[in-house]
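# Breakdown of the fold
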Amino acid sequence: MLNKPVLVESLIVFTIVLCVHAVVWDRYSWCSVALAIQAFYVQFKWDRLLQLGGAVFQFRAAANSGLLPASMVIPLLGVTMKERCKAAGIVYFERFGIVVASTGMLVALFLSVIAVGITKPVPTNTCILTGVAGSIIIYTMKHSLTVSEVIEVLEVLLIFVYLSMILLYLLPRCFTPGEALLVLGGVSFVLNQLIKRSLNVVEGRGEPIDFFLLVAVIGVILLGLFFTVLFIFMDSGTWISSMFFHMMTAVLGLGVIMPWLYRLIQRNPLFWLLQFLFQTQTRVYLLVFWTFLAASACGIVFYQNAKRSSESKKHQASTITRKYFHFIVVATYVPGLIYDRQLLYVAAVLCLAVFIFLEYIRYFRIKPFGQTLRHLLSLFLDERDSGPLILTHIYLLLGMSLPVWLFPRSCAPKGSLSGAGALVPYAGVLAVGVGDTIASVFGSTMGEIKWPGTKKTFEGTMTAIFAQIIAVALILIFDSNVNLNSSYAWILASVSLVSLLEAYTTQIDNLLLPLYLQIMFMA
């Protein structure tokens, strides 16, 4: 029996795909439509495998596979980036967008083939559909990509295969298949870009903040893989292991990551970072303000834990309490987007590295803070944190930061795209900081009419759409760089579709919603 919420979620994704390609129809549109249709059918094969326990790895329970919404994100990002850079006449990034789109399609197709291959009995119709979609995609790639670009796409696919085998084995129940596709596909692409740029360093090519993002992301992931293998052979909770952890972190950071970054930016990374952070008085004010907000977030964590100790050990933070952090994140990102986006870019990278490093300390029980972090963060767990890692706060940071990191600065000479594209850096603030937060708060307190097959309410979704429209109006008032050029109907449609997706998706909305809103704005 077909799952009605999954059908509605799929219909919303199909609508977004058709809306995007109605604006940017080209040869890749046929590929996207074919990929979406086959992903829709294969999604139900994945769902059946998860229900019967037939999947090779352990995936997150209480959620469907999410293959269709995840499969379309990277291809649509590539297509919209290609069109924006083509309009700006930036050939390098136009070709880069084509590579991104092709890579996303091939990785999604690979995950579909895996599901079809392990399904018993073999689903003949789905196999035929997957073969047709694959033929269309490969034929288009053959006539669109150069030899070097084909090699790059295959490199990313190879990295994705190996990363999937390693991380899905080490981190059971942390992802759905769709979330694994998004997260591991993104990491694979970043790793390939870092290797490519490290082997072909050209002085003056690329901005230091871009290299900083690549090295920071791959550096902390490699650090985690190293300690995961190491602590298979020794107990991570002892003082000796903890001292070794801190010592090796310093050795790898100063002996590998720093020289790697030095090679890319051609200057001392620490001196560059300090000079960058304190370059202007505005940056100093922003850093002081963000420090105050970070202290406030820590205060909320300690207060809620003190409340748990005085009331009951079984006390869990409510939905509204969790949304306090969404409000703090909005207060953090909005001033950065208005006054200094480059500082926000770098600060978000630093925060991501710190969050992941603290999660290592919690997961491995590294002394002296590992057990304390376990106790403090257990209060904020929900059904999505069913694996060994707590990832919801990292997904929140990623959802807010990805539109800033993925904003095609080189294709926006004046620092801002035209029309709805001017709101691209604000996609995370609107979708997660405003929309998701207001939907949860109003839906849980005043919602009565539930969307069929879900716990989400009609009132929450409508309030979220209204709140995001008000937020857009406020952005227009306070950010002089934003000029929408009468694209209000498209913005309303984009916000409405993404809010409906929030109501029906069982995937990590903090990660999925900003990316879809960014895609709609860029189209």
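Structure report, in brief. Bear in mind the structure is a predicted one, so any value in this text is a computation, not a measurement. (Residues numbered from 1 in each chain as written. Predicted model: local features only at pLDDT ≥ 70, side-chain atom pairs only at ≥ 80, totals over all residues. Heavy atoms only, no water.)

A tally of helices and strands in the protein yields 19 helices and 0 strands. For 523 residues, the compact-globule estimate of 2.2 N^0.38 gives 24 Å, and the C-alpha radius of gyration of the protein, at 22 Å, lies within 12% of that figure. C-alpha atoms of the protein, sized along the principal axes, occupy 55 × 55 × 55 Å. Looking at the protein as a whole, 55% of its 523 residues are labelled buried. Considering only residue pairs separated by 6 or more positions, the protein has 80% of its internal contacts joining residues 24 or more positions apart. Counting 35 positive and 25 negative side-chain charges, the protein places the centres of these two groups 4 Å from one another. (Helix = DSSP H or I, 4+ residues; strand = E, 2+ residues; numbered from the N terminus. Rg over C-alpha atoms; globule rule 2.2 N^0.38 Å. Buried < 20%, exposed > 50% of the residue type's maximum accessible area, 1.4 Å probe, protein only. Contact = heavy atoms within 4.5 Å. Lys, Arg positive; Asp, Glu negative; His and termini not counted. Charge placed at Lys NZ, Arg CZ, Asp CG, Glu CD.)

So, on to the nonpolar core. Counting residues in hydrophobic clusters, the biggest one holds 173 residues, and the most contacted among them are W46, M72, W405, L423, Y516 and F521. Among the elements that take part in this core, helix α8 (residues 208-230) stands out by supplying 15 residues, more than any other. Ignoring anything within four residues of it in the chain, the contact list for F521 reads R84, A420, G421, L423, V424, A427, L430, W490, I491 and S494. (Core = buried A, V, L, I, M, F, W, Y, C linked by side-chain atoms within 4.5 Å.)

The first and last C-alpha atoms of helix α19 (residues 509-522) sit 20 Å apart over 14 residues, in line with the 20 Å expected at 1.5 Å per residue. Most of α19 is tucked away, with 14 of its 14 residues classed as buried. (Expected span 1.5 Å × (residues − 1).)

As for its placement among the helices and strands, T454 is situated in the loop between α16 (427-446) and α17 (458-478). A polar contact is formed between the side chain of T454 and the backbone nitrogen of K456, at a distance of 3.2 Å. If we skip the residues at most four places from it in the chain, T454 touches P5, A503 and Y504. (Polar contact = N/O pair within 3.5 Å; in protein donor to acceptor, adjacent residues only side chain to side chain.)

Turning our attention to the packing of helix α2 (residues 27-52) against helix α4 (residues 91-118). At a minimum axis separation of 9 Å, α2 and α4 run at an interaxial angle of 30 degrees. One element, α2, and the other, α4, form an angle in the roughly parallel class. Remark: the crossing between α2 and α4 carries left-handed chirality. On α4, the residues that touch Y28, C31, S32, L35, Q38, V42, W46 and L49 of α2 are I98, S102, M105, A108, L109, L111, S112, I114, A115, V116 and I118. Class assignment of the residues belonging to the contact of α2 with α4 gives a composition of 15 nonpolar, 4 polar and no charged. (Axes fitted to C-alpha atoms, helices over the stretch in contact; angles between N-to-C directions. Parallel < 35°, antiparallel > 145°, perpendicular 65-115°, else oblique. Left-handed = near helix turned anticlockwise from the far one by under 90°. Nonpolar A, V, L, I, M, F, W, Y, C, P; charged D, E, K, R; others polar.)

The subject of this paragraph is the environment of W272. Within the secondary structure, W272 sits in helix α10 (residues 269-277). In the structure, W272 is positioned 10 residues away from Y262 in sequence and 9.8 Å away in space, judged by C-alpha atoms.

Now for the packing of helix α7 (residues 177-199) against α8. Axis separation between α7 and α8 bottoms out at 10 Å; the angle between their running directions is 120 degrees. Judged by the sense of rotation from one axis to the other, the crossing of α7 with α8 is left-handed. Contacts from V187, V190, L191, Q193, L194 and R197 of α7 reach α8 at D210, F211, L214, V215, V217, I218 and I221.

Our next topic: α17. An ideal rise of 1.5 Å per residue puts 30 Å on 21 residues; α17 measures up with 31 Å between its terminal C-alpha atoms. If you check which residues of α17 are buried, you get G460, T461, A464, I465, A467, Q468, A471, V472 and I475. In this structure, the buried residues of α17 make contact with α16, α18 (488-504) and α19.

Okay, the pattern of salt bridges next. Note on pairing: side chains with opposite charge can pair once their charged atoms come close. Considering all chains together, one arrives at 10 salt bridges under this definition. Of the charged contacts, one joins D340 and R283 as a salt bridge, the two residues approaching to 2.5 Å between their closest N and O atoms. Here R283 lies in helix α11 (residues 281-311) and D340 lies in the loop between α12 (319-339) and α13 (341-364), a separation of 57 residues in the sequence. There is no split in this pair, since D340 and R283 are both buried. Of the charged contacts, one joins R362 and E359 as a salt bridge, the two residues approaching to 2.7 Å between their closest N and O atoms. On the criterion of helical spacing, the pair formed by R362 and E359 is a turn pair, its members being 3 residues apart in helix α13. Residues joined by salt bridges that share partners form a network here, namely D26, K82 and E83. (Salt bridge = Lys/Arg side-chain N within 4 Å of Asp/Glu carboxyl O.)

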